[in-house]
Amino acid sequence: MKFWAFLTLLALLLPEAGPASLPKKERKRREEQSPEESKAHAVPHVGHDVPSVDDYHEVIDLSSYEEDYGDQLPEVELSSAAPPAGTSPARSTVPPRTPSPTLTGTRPTAPGRLHSLTSGGLPTCLVCVCLGSSVYCDDADLDHLPPLPRTTAYLYARFNRITHVGAGAFQGLTKLKRIDLSGNLISSIDAEALHPLPALQDLILSENRLAALPPLPRGTEILDVRRNRLRSSGIQPEAFGALERLQFLYLADNLLDAIPGPLPLSLRSLHLQNNRIDSLQRGAFCDPEEHRHTRRPLEDIRLDHNPINLSLFPEAYFCLPRLPIGRFT
Ligand SMILES: *[C@@H]1O[C@H](CO)[C@@H](O)[C@H](O)[C@H]1NC(C)=O
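To keep things clear, this report deals only with the structure shown in the data block.

The rules behind these values
Starting from 1, residues in each chain are numbered consecutively following that chain's sequence as written. Residue-level local features of this predicted model are given only where pLDDT is at least 70; pairs of side-chain atoms are given and counted only at 80 or more, and the full residue set underlies all totals for whole chains, interfaces and linings. Note that the side-chain values use all heavy atoms of the structure and ignore hydrogens as well as water. Each helix corresponds to a stretch of at least 4 residues labelled H or I by DSSP, and each strand to a stretch of at least 2 residues labelled E; elements are numbered beginning at the N terminus. Exposure is judged per residue with a 1.4 Å probe applied to protein chains only, and the accessible area is read against the type maximum: over 50% gives exposed, under 20% gives buried, and values in between give partly exposed. Note on contacts: a residue pair qualifies if any of its non-hydrogen atoms lie within 4.5 Å across the two residues. The Shrake-Rupley method, run with a 1.4 Å probe sphere, supplies the accessible areas, and residue values consider only the shown protein chains as cover. Throughout this document, a residue counts as near a molecule or strand when at least one of its heavy atoms sits within 4 Å of that molecule or strand. Distance and chemistry together define a polar contact, namely a pair of N or O atoms within 3.5 Å, with one atom able to donate a hydrogen and the other to accept it when in protein, and with adjacent residues in sequence counting only for side-chain atoms on both sides. Lys, Arg, Asp and Glu make up the charged group, whereas Ala, Val, Leu, Ile, Met, Phe, Trp, Tyr, Cys and Pro make up the nonpolar group; the residues left over, Gly among them, are polar. A pairing counts as a salt bridge when a side-chain nitrogen of Lys or Arg comes within 4 Å of a carboxyl oxygen of Asp or Glu. What counts as a disulfide here is a pair of cysteine sulfur atoms lying within 2.5 Å. The criterion for an aromatic pair is that two Phe, Tyr or Trp rings (for Trp, the six-membered ring) have centres within 6.5 Å, with stacked assigned to planes under 30 degrees apart, edge-to-face to planes over 60 apart and tilted to the rest.

### Focus on the overall build of the protein
Then, in step 1: A tally of regular secondary structure across the protein gives seven helices and 11 strands.
Then, in step 2: Buried residues in the protein amount to 42% of all 329 residues.
Then, in step 3: Residue pairs at least 24 apart in sequence account for 47% of intrachain contacts in the protein once pairs closer than 6 positions are excluded.
Then, in step 4: Summed over its atoms, the accessible surface of the protein is roughly 17,400 Å², and 54% of this surface lies on carbon and sulfur atoms.

### With respect to the site of the ligand
Then, in step 1: The local shell around the ligand consists of Asn309, Ser311, Leu312, Arg327 and Thr329.
Then, in step 2: At 2.3 Å, a side-chain N or O of Asn309 approaches an oxygen atom of the ligand.
Then, in step 3: Relative to its unbound accessible surface of 360 Å², the ligand loses 39% to contact with the protein.
Then, in step 4: Split by residue class, the shell around the ligand holds one nonpolar, three polar and one charged.

### Looking at the pattern of salt bridges
Then, in step 1: In this structure the tally under the stated criterion is seven salt bridges.
Then, in step 2: A salt bridge links Arg158 to Asp138; the shortest N-O distance between them is 2.6 Å. In this pair, Arg158 sits in the loop between strand S3 (154-156) and strand S4 (164-165) while Asp138 sits in the loop between strand S2 (134-136) and S3, placing the two residues 20 residues apart along the sequence.
Then, in step 3: In this structure, Asp202 and Arg178 form a salt bridge, with 2.9 Å as the shortest nitrogen-oxygen distance.

### A short note on the state of the cysteines
Then, in step 1: The full count for this structure, using the stated rule, is three disulfides.
Then, in step 2: The disulfide bridge from Cys125 ends at Cys130, spanning 1.9 Å between sulfur atoms. Disulfide Cys125 to Cys130: torsion about the S-S bond roughly -85 degrees, handedness left-handed.
Then, in step 3: Given the relative accessible area of 2%, Cys130 is considered buried.

### Points about the side chain of Ser182
Then, in step 1: By the element assignment, Ser182 lies in the loop between strand S5 (178-180) and strand S6 (188-189).
Then, in step 2: Separated by 2.7 Å, the side chains of Ser182 and Asp180 make a polar contact.
Then, in step 3: When residues no more than four places from it in sequence are discounted, the contact partners of Ser182 are Ala157, Arg158, Phe159, Ile204, Leu205, Ser206, Glu207 and Asn208.

### Structural notes on the packing of aromatic side chains
Then, in step 1: The full count for this structure, using the stated rule, is four aromatic pairs.
Then, in step 2: Aromatic side chains Tyr136 and Tyr156 sit 5.2 Å apart centroid to centroid with 5 degrees between the ring planes, which places their arrangement in the stacked category. Of this pair, Tyr136 sits in strand S2 while Tyr156 sits in strand S3, and the two are 20 residues apart along the sequence.
Then, in step 3: Exposure remark for Tyr136: the relative accessible area of 33% places this residue in the partly exposed category.
Then, in step 4: Its relative accessible area of 15% is what places Tyr156 among the buried residues.
Then, in step 5: On the numbers, 5.8 Å between centres and 70 degrees between planes, the contact of Tyr317 with Phe328 is edge-to-face. With Tyr317 in the segment after strand S11 (300-302) and Phe328 in the segment after S11, this residue pair connects regions lying 11 residues apart in the sequence.
Then, in step 6: Among the residues examined, Phe328 registers a relative accessible area of 27% and is labelled partly exposed.
Then, in step 7: What links up through ring pairs into an aromatic cluster is the set Phe285, Tyr317 and Phe328.

### Things to note about unusual backbone geometry
Then, in step 1: Note the cis peptide between Gly261 and Pro262, where omega equals 0 degrees.
Then, in step 2: Note on placement: Pro262 falls in the loop between strand S9 (248-250) and strand S10 (269-271).
Then, in step 3: Despite not being glycine, His305 shows a phi value in the positive range, around 60 degrees.
Then, in step 4: Within the secondary structure, His305 sits in the segment after S11.
Then, in step 5: Taking relative accessible area as the criterion, His305 reaches 60% and is therefore assigned exposed.

What follows is the structure, given as structure tokens:
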């Protein structure tokens with residue numbers, strides 16, 4: 001009888017005890033499944049010099065765990081609260097069962113902590129999901145860009161309510177390769193905002209309210225500004241000429257009345273459908289002085305749904321591997 005009573009008591013108590021009472025393997029498995037956990041794991045990737053409030057809470061929680069469960073402390077959780085010492089996200093720099101004094105020592109004291117907070121006072125990687133070098137902030141109700149971890153290479157902040165990109169938005173993000181801000185309300189980007197991004201390749205700004213383009217990073221390969229309010233006056237005369245790696249230039253569904261140029265020789269796709277282009281300037285695609293010159297890569301030009309009659313400019317296409325798509329009669 002006593003034995004059964006003990007078992008019943010045990011059965012009642014077990015669910016209360018929570019994850020710490022589970023066998024180590026089971027705990028690990030659960031943690032792998034939980035999205036909350038994967039968010040917490042991503043925290044240390046965030047920022048080495050900017051410990052977040054999230055870290056802070058983890059630290060406090062762990063201290064009490066430590067008291068209660070001592071050596072049962074799961075290794076995975078410990079590492080998520082580890083000080084941002086190493087560069088490796090997988091880190092095992094902190095051994096399991098680190099005593100709490102070491103942990104409390106990781107409490108952020110620097111004013112730099114504020115740097116990792118969003119406008120609402122929440123750490124970036126709580127509002128967004130940080131996975132490796134990617135930061136996913138899609139559909140997160142953001143009205144401006146949160147400060148990003150220095151290691152960010154891929155930023156997705158689609159479908160928010162961002163209206164402006166300030167000069168410091170991407171400061172110091174030397175690894176940033178892709179920015180995707182499509183589906184926001186961006187009407188202005190500061191001139192200095194994108195310029196100091198040495199690694200940037202893909203800039204996706206489709207479905208916003210831009211009337212003008214800021215100066216672009218030289219390494220840009222894909223520029224997507226479809227479905228904005230771009231006017232020809234909002235594109236600097238030399239905006240694309242110096243972008244020697246630009247391959248895809250998507251400017252459809254805007255208010256352009258001329259073909260932007262000069263276009264770099266690396267260009268493969270030029271999409272200008274659904275604009276107000278009614279004329280072709282001399283040399284828009286081909287150098288009129290150099291008749292042997294060809295632009296083999298530029299195979300995909302779209303000028304459909306523009307008021308232009310492409311038949312009026314028969315000498316404009318001689319260097320192209322294919323005629324543009326559009327109205328020819
Ligand atoms: C387009 O230009 C060509 C060549 O001048 C002309 O024959 C044709 O009628 C024009 N089409 C339209 C719709 O204006």
